[in-house]
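Descriptive structure summary
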Amino acid sequence: METNLCVAGFGGQGVMSLGKFLASATCDATDKNVTFFPSYGAEQRGGTANCFVVISDGYIGAPLGDVMDDLIVMNGPSLTKFLPTLKQGGTLFINSSIVDETKVDRDDVKLVKAPVTELALEMGNAKVLNVIMLGVYVGYTEVIDPAIVWSTIEHKLASKPKLLPLNKQAFEKGLELGRAQR
Amino acid sequence: MARKLMKGCEAIAEAAVRAGCRFFAGYPITPQNEIPEYFARRLPEVGGVFVQGESEVASVNMVYGAAAAGTRSMTSSSSPGIALKSEGISYCAAARIPIVYANISRGGPGVGAIQPAQQDYFQATKASGNGGFEMLVLAPSTVQEAVDLTYAAFDYADRDRNPVLILADGVIGTMMEPVELPPMKTDEEVAAIKASKAAWACTGHKLDYANRAWIQPGQWNTAIMQQENEKAAALYASWEKDIQVEEYQVEDAEVVIAAYGVCARIGKSVVDICRAQGKKVGLIRPITVHPFPYKSFDHINYDVCKGVLDVEMSIPAQLVQDVDLGVKGRCPIETCLCSGGNIMSREAVLEAVDAILAK
């Protein structure tokens, strides 16, 4: 069983961190294989950013697959660019605050919506949108135990303990939204 | 031991520190910046020295000097930066100075592209500088292997008093994967390694011309120059025993994929996918790309093999010329290629395999 995930958005939306949290949690607390591959180019600085996470029970050959099982898009341009790579029956997670749902021109994929930009602003810090989306993804897919993911976030934020309550709130909110759409 | 998620570049740097590397000099270039960045933070913690040189040429020559003084030393760069270092590498080879360096290669030629590529194969394996010197060239295909090969590279370099090259593409350098790190050499072990080089290293002892490192850039006595080259040739010939290769499901294969680095891991997963579908596909993966495991191609059953598929991120193909020397005309060789910063597609390899099987 191999899961290919692509996370895409603007630089600054925390798409790399989202992917790394998931990969770290998988590395730390499971015996599965995992790869994280960031895609960046000169033209992407300040523009789009995306990363690929592969989680597998077996050997991982391609850290960058051709066909995605899951796709998280945090902004409009990423939807246009990556939606064609999502497999039939795959799951599309959109930041419905700024991604136009009507632009999803495929009916052979599952759609999970979360207005993470608005929710993060409501929580008082736009930066936590990626942690909300991570919660949505984990809550919906159950690809890994949420408690493991949270302890990874906790560990990564160890030097900034003041940020923990807000991130906890963000992650829990995401989990709730993800589970509700199962 | 607990595994840790690490980026290829950082894992290479940590493996070097654990192997006793105490000097690094480099100059920034994507996609290998995490190597100097990591050394800059890490080396002061272990009493080592990090220098960001004013150029690639300066950096490689600082490493030349530090290694000539007996300290395990390293530099790294990416394709065009490696080209700039080639003069210093050739000088290290001439002076028989043990250094380790890494090429986290990107698209080319020229300044090329900052994305991953495998377009430096000939440069790495045939002519990394002037004068026809040779090096062990190690090509990891996972982050774990990058760690293990870097750790071993310092031993090879010291054993041979010769440069060793880690040839990793930008995918291996920038991706993250779980690794188990090798043991950290103690300060005593690091000191003992340095002391073991006292016979030749430039450490301020009394003049002993017979054994001192020959760090002069030229030798004007042609007879001596030839003797030095003959000694070097004998060393290179001794590397047959150091050849490392992975042969995966080759015996009954109707198609054998030949690939190194990231293309090899993609190729291995193609073998698994094909075998699950009942297709007889195998893989030959050189781990040392120099010396090259030509003999592995004798293990192919040419009575059933319809073709060897050379998979590499280089247009025109380069690895294919060594594959050709291994196959020796016993079956057709096809290629599956991309270049310029594009990453090999598993689907493309699967299609290429199917095309050979359909023949």
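Residues numbered from 1 in each chain as written. Chains lettered and ligands numbered in written order. Predicted model: local features only at pLDDT ≥ 70, side-chain atom pairs only at ≥ 80, totals over all residues.

Points about the overall build of chain A
A tally of regular secondary structure across chain A gives six helices and six strands. Computed over the C-alpha atoms, the radius of gyration of chain A is 15 Å, within 12% of the 16 Å expected from 2.2 N^0.38 for a compact globule of 182 residues. Taken along the three principal axes of its C-alpha coordinates, chain A extends 40 × 40 × 35 Å. Across the 182 residues in chain A, those meeting the buried criterion constitute 47%. Expressed as a percentage of contacts within chain A between residues at least 6 apart in sequence, the contacts between residues at least 24 apart total 57%. (Helix = DSSP H or I, 4+ residues; strand = E, 2+ residues; numbered from the N terminus. Rg over C-alpha atoms; globule rule 2.2 N^0.38 Å. Buried ≥ 20, exposed ≤ 12 C-beta atoms within 10 Å, placed from the backbone. Contact = placed C-beta atoms within 7 Å.)

Quick notes on the overall build of chain B
Along its length, chain B carries twelve helices and 15 strands. The globule rule puts the C-alpha radius of gyration for 359 residues at 21 Å, and the 21 Å found for chain B is close to it. Dimensions of chain B, computed from the C-alpha atoms along their principal axes, are close to 70 × 50 × 40 Å. In chain B, which comprises 359 residues, the share counted as buried stands at 55%. The long-range fraction of contacts in chain B, counting pairs at least 24 apart against all pairs at least 6 apart in sequence, stands at 79%.

Notes on the environment of Lys279 of chain B
Residues and elements named next belong to chain B. Its location among the elements puts Lys279 in the loop between α10 (261–276) and β12 (281–286). Residues Lys279 and Arg18, spaced 261 residues apart in sequence, show a C-alpha to C-alpha distance of 43 Å. With residues up to four places along the chain from it excluded, the contact list for Lys279 reads Cys274 and Leu357.

Quick look at the sheet that holds strand β15 (residues 333–337) of chain B
Residues and elements named next belong to chain B. Taken in spatial order, the five strands make up an open sheet running β10-β12-β11-β14-β15, and their pairing is mixed. Only two strands of the sheet have a single partner each, and these edge strands are β10 (245–248) and β15. Strand after strand, the sheet turns through a mean of 20° between neighbouring axes, direction not considered. Where strand β14 (residues 307–312) lies against β15, five bridges are found, and the strand directions are parallel. What sits directly across from Glu312, in β15, is Leu337. The sheet contacts of helix α11 (residues 319–327) involve β11 (255–258), β14 and β15, and relative to β14 the element is tilted by about 155°. (Pairing = 2+ DSSP bridges. Axes fitted to C-alpha atoms, helices over the stretch in contact; angles between N-to-C directions.)

Details of the packing of helix α1 (residues 15–29) of chain A against helix α4 (residues 129–141) of chain A
All names here are of chain A. In the contact formed by α1 and α4, the axes pass within 9 Å of each other and the chain directions differ by 40°. By the angle class used here, α1 and α4 are oblique. The interaxial crossing formed by α1 with α4 has right-handed handedness. Facing α1, whose interface residues are Val15, Ser17, Leu18, Phe21 and Leu22, α4 presents Asn130, Met133 and Leu134. (Parallel < 35°, antiparallel > 145°, perpendicular 65-115°, else oblique. Left-handed = near helix turned anticlockwise from the far one by under 90°.)

Remarks on unusual backbone geometry
Glycine aside, residues mostly have negative phi angles, and peptide bonds mostly take the trans form. Here the amide bond leading from Thr30 of chain B into Pro31 of chain B is cis, since omega sits at 5°, within 30 degrees of zero. Assignment of secondary structure puts Pro31 of chain B in the loop between β2 (23–26) and α2 (34–42). A cis amide bond, omega -5°, links His290 of chain B with the succeeding residue Pro291 of chain B. Looking at the secondary structure, you find Pro291 of chain B in the loop between β13 (288–290) and β14. One non-glycine residue with positive phi stands out, namely Glu142 of chain A, at about 50°. When you line up the elements, Glu142 of chain A lands in the loop between α4 and α5 (146–156). Judged by C-beta crowding, with 12 C-beta atoms within 10 Å, Glu142 of chain A ranks as exposed. Of note, Arg96 of chain B is a non-glycine position whose phi angle comes to about 55°, a positive value. Within the secondary structure, Arg96 of chain B sits in the loop between α4 (79–95) and β5 (100–107). Overall, the presence of 20 C-beta atoms within 10 Å leaves Arg96 of chain B in the buried class.

Some remarks on helix α6 (residues 164–180) of chain A
Residue and element names in this part refer to chain A. Between its first and last C-alpha atoms α6 spans 24 Å; for 17 residues at 1.5 Å apiece the expected length is 24 Å, and the two agree. Taken residue by residue, α6 has Asn167, Ala170, Phe171, Lys173, Gly174, Leu175, Leu177 and Gly178 as its buried positions. Close packing links the buried residues of α6 with β6 (110–114), α3 (116–122), α4 and α5. (Expected span 1.5 Å × (residues − 1).)

Brief notes about the interface of chain B and chain A
Facing the 20 residues of chain B at the interface are 17 residues of chain A. Mapped by element, the contributors of at least two residues to the side of chain B that touches chain A are β6 (113–116), α7 (170–174), β9 (176–179), α10 and α12 (346–357) of chain B. Per-element tally for the side of chain B that touches chain A: the top contributor is α10 of chain B, with six residues. Grouping the amino acids of the side of chain B that touches chain A by side-chain chemistry returns nine nonpolar, four polar and seven charged. (Nonpolar A, V, L, I, M, F, W, Y, C, P; charged D, E, K, R; others polar.)

Digging into the nonpolar core
Core analysis: the biggest nonpolar cluster contains 168 residues, and Ile132 and Met133 of chain A together with Val256 and Ile257 of chain B have the highest contact counts within it. When we break this core down by domain, the ones giving at least three residues each are domain 1 (4–241) and domain 2 (246–357) of chain B. When near neighbours in sequence (up to four residues on either side) are disregarded, Ile257 of chain B contacts Gly267, Val270, Val271, Val281, Leu283, Leu309 and Val311 of chain B. (Core = buried A, V, L, I, M, F, W, Y, C linked by C-beta atoms within 7 Å. Domains from an automatic or database assignment.)

Some remarks on the packing of helix α1 (residues 8–18) of chain B against helix α6 (residues 143–160) of chain B
Residue and element names in this part refer to chain B. One way to put it is that α1 packs onto α6 with a least axis distance of 8 Å and a crossing angle of 30°. One element, α1, and the other, α6, form an angle in the roughly parallel class. Considering the relative orientation of α1 and α6, their crossing is right-handed. The segment α1 lies against α6, with Gly8, Ala11, Ile12, Ala15, Ala16 and Arg18 engaging Val143, Ala146, Val147, Thr150 and Tyr151.

Considerations on the domain arrangement of chain B
Residues and elements named next belong to chain B. Domain boundaries in chain B define domain 1 (4–241) and domain 2 (246–357). In this structure, domain 1 and domain 2 have C-alpha centres spaced 29 Å apart. Only β5, β6, α5 (121–125), β7 (136–138), β8 (164–169) and α7 provide two or more residues apiece to the side of domain 1 that touches domain 2. For the side of domain 1 that touches domain 2, the element with the highest residue contribution is α5, accounting for four residues. Residue composition of the side of domain 1 that touches domain 2, by class: 16 nonpolar, seven polar and four charged.

Side note on the environment of Val323 of chain B
All names here are of chain B. Position of Val323 relative to the elements: it lies in helix α11. Since 24 C-beta atoms lie within 10 Å of it, Val323 is described here as buried. Once the C-alpha coordinates of Val323 and Pro293 are considered, the two residues, 30 residues apart in sequence, prove to be 9.2 Å apart. Those residues in contact with Val323 that sit more than four places away from it in its chain are Ala258, Val308, Asp310 and Ile333.

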